[in-house]
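Listed below, chain by chain, are the residues.
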Amino acid sequence: MELKLTRPICFFDLETTGIDVGKDRIVEIAIFKVFPNGNKESKTWLVNPTIPIPSQSTAIHGISNEKVANEPTFVELSSQIYNMIKDSDLAGYNSDRFDIPLLAEELLRAGVDFDMKNRVSVDVQTIFHKKEERTLSAALKFYCGKNLENAHSAEADTMATYEILLGQLERYPDLQNDMKALSEFTTRKKSVDFAGMIVLNDKDQEMFSFGKYKNVLVDDVFDKDPGYFGWIQNADFPLYTKKVLTGLKLRRLNTK
């Protein structure tokens, strides 16, 4: 089984200082790139997060402050990382809810104007949960008959995720070997930003999903409470959410 690709796809996994997308940082990133012609390329970087790595995080992935003290920061690596993924769709395990949002925050923080407009994402965990509901280790055992060695190593988890997707395509004839179809299958909800703070209603209109304007159209809030936009821009919201909201604000101004 080989993936049917019209463009490259990058499987990737992050090890981080924690699970807060807005505040935590990457300490390791592994990318496995598959090209339409079957060629493959992989790269793994250790990253100095510039903030302390909590002991509970080190206990999970084994990466300590001392281990990354002399490694490059994400800002220093951002050009290499972006150049590897810029022409590609993205795939990972729980990537739609964690890895892609956190990677987007790091890239935006580094001054890289990253977005998902011209690419799709495939979350292998969502396929697994819709079909079997297991963990990554169990997924590798179930689909590939293998034990996951070095779990919570970014490289091992990335390679396992790639092999699991191939196994899922073999096992489920109804899954299309097409990245756009897989992306649609793994989409959990119609959100406009990664954090799910701006979502689409059944008419594909943007509305807020939180706070005092929950389920209210974004355009209506712009008209009714112009200061709300400024409050979000100055508050502790994800950078990608602010970027999306700015785009909607500009669209609103250009249509008046």
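Residues numbered from 1 in each chain as written. Predicted model: local features only at pLDDT ≥ 70, side-chain atom pairs only at ≥ 80, totals over all residues. Heavy atoms only, no water.

- Naming follows an unreviewed UniProt entry, where the protein appears as 3'-5' exonuclease of Flavobacterium bernardetii.

## Digging into helix α8 (residues 179–186)
Next up, step 1: Among the residues making up α8, those that are buried are M179, A181, L182, S183 and T186.
Next up, step 2: Those residues of α8 hidden inside the fold are in contact with β1 (9–16), β4 (89–92), α4 (95–109), β5 (121–123), α5 (124–131) and α7 (154–171).
Next up, step 3: Residue D178 occupies the N-cap position of α8, its side-chain oxygen lying 3.2 Å from the main-chain nitrogen of K180. (Buried < 20%, exposed > 50% of the residue type's maximum accessible area, 1.4 Å probe, protein only. Helix = DSSP H or I, 4+ residues; strand = E, 2+ residues; numbered from the N terminus. Contact = heavy atoms within 4.5 Å. Polar contact = N/O pair within 3.5 Å; in protein donor to acceptor, adjacent residues only side chain to side chain.)

## Brief notes about the confidence of the model for the protein
Next up, step 1: Per-residue confidence for the protein gives a mean pLDDT of 93, with 98% of residues at or over 70.
Next up, step 2: Considering each helix and strand of the protein separately, the mean pLDDT is smallest for α5, with a value of 90, and largest for strand β2 (residues 26–34), with 98. (pLDDT = per-residue confidence, 0-100.)

## Thoughts on the environment of L165
Next up, step 1: Secondary-structure assignment places L165 in helix α7.
Next up, step 2: The exposure class of L165 is buried, given its relative accessible area of 0%.
Next up, step 3: Sequence-distant contacts of L165, defined by excluding residues within four places in its chain, comprise L3, F11, V124, I127 and L182.

## Considering the environment of E105
Next up, step 1: Tracing the backbone shows E105 in helix α4.
Next up, step 2: Since its relative accessible area comes to 3%, E105 is described here as buried.
Next up, step 3: Linking E105 and V68, residues 37 residues apart in sequence, is a C-alpha distance of 20 Å.
Next up, step 4: When neighbours within four sequence positions are excluded, E105 is seen to be in contact with V21, P238, L239 and Y240.

## Looking at the packing of aromatic side chains
Next up, step 1: By the definition in use, this model includes 14 aromatic pairs.
Next up, step 2: Ring geometry for F32 against Y162: centres 4.7 Å apart, planes inclined by 65 degrees, an arrangement best described as edge-to-face. Of this pair, F32 sits in strand β2 while Y162 sits in helix α7; the two residues are 130 residues apart in sequence, bridging distant segments of the chain.
Next up, step 3: Considering the side-chain rings of F194 and Y240, the 4.2 Å spacing of their centres and the 25 degrees angle between planes classify their relative orientation as stacked. Of this pair, F194 sits in the loop between α8 and β6 (198–200) while Y240 sits in helix α11 (residues 239–254), placing them 46 residues apart in sequence. (Phe/Tyr/Trp six-rings, centres within 6.5 Å; stacked < 30°, edge-to-face > 60°.)

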